[in-house]
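Geometric and topological summary
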Amino acid sequence: MIEPIIKTQFTFKGIHYLDLIARNIQKGGIISDLTVISQDNLLFVSIKTTYADGLTNIIEELKYENGLLISWALKALDTQHTIFSRDVLSEYINI
C-alpha cells in the first residue's frame, strides 16, 4: 500500500541578534555600536563590529517581525550583502 505524502511545516526563526554578537566576539571582533529599536511587533537591530584594531568595520542589520527574522544584511565599506531574506526563502520553498 502506498502511503500518502504528508507535508510538514517548519518555521525558520533565524539567528537571534545576541547569538550573532557572541559569534562576532568569538571571532575576535569588538562591538563598537549596537542599536535596538522596538516598535509593536517589529524589531530592528544594527550591530557594528570592528576587527583588527579598526581596520575592518562590519555593520549587520537585522529585522524581525513577531520574533521571526525577516532580513539580515551585512555592510562592509561600499558593499552590501543580503545574508538572509524571508521573501527569498518563501520563494524557494514554494517552487
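Thresholds, definitions, all that
Residues numbered from 1 in each chain as written. Predicted model: local features only at pLDDT ≥ 70, side-chain atom pairs only at ≥ 80, totals over all residues. Heavy atoms only, no water. Pairing = 2+ DSSP bridges. Helix = DSSP H or I, 4+ residues; strand = E, 2+ residues; numbered from the N terminus.

This paragraph deals with the pairing of strand β3 (residues 56-65). The sheet contact formed by strand β2 (residues 42-51) and β3 spans 10 bridges and is antiparallel. Within β3, the position partnered with T49 by the bridge is I58. Across 8 bridges, the pairing between β3 and strand β4 (residues 68-76) is antiparallel. When the sheet's bridge partners are listed, Y64 is paired in β4 with L69. Remark: 2 residues form the turn of the hairpin made by β3 and β4, two consecutive strands paired antiparallel; N66 in that turn has positive phi of roughly 55 degrees.

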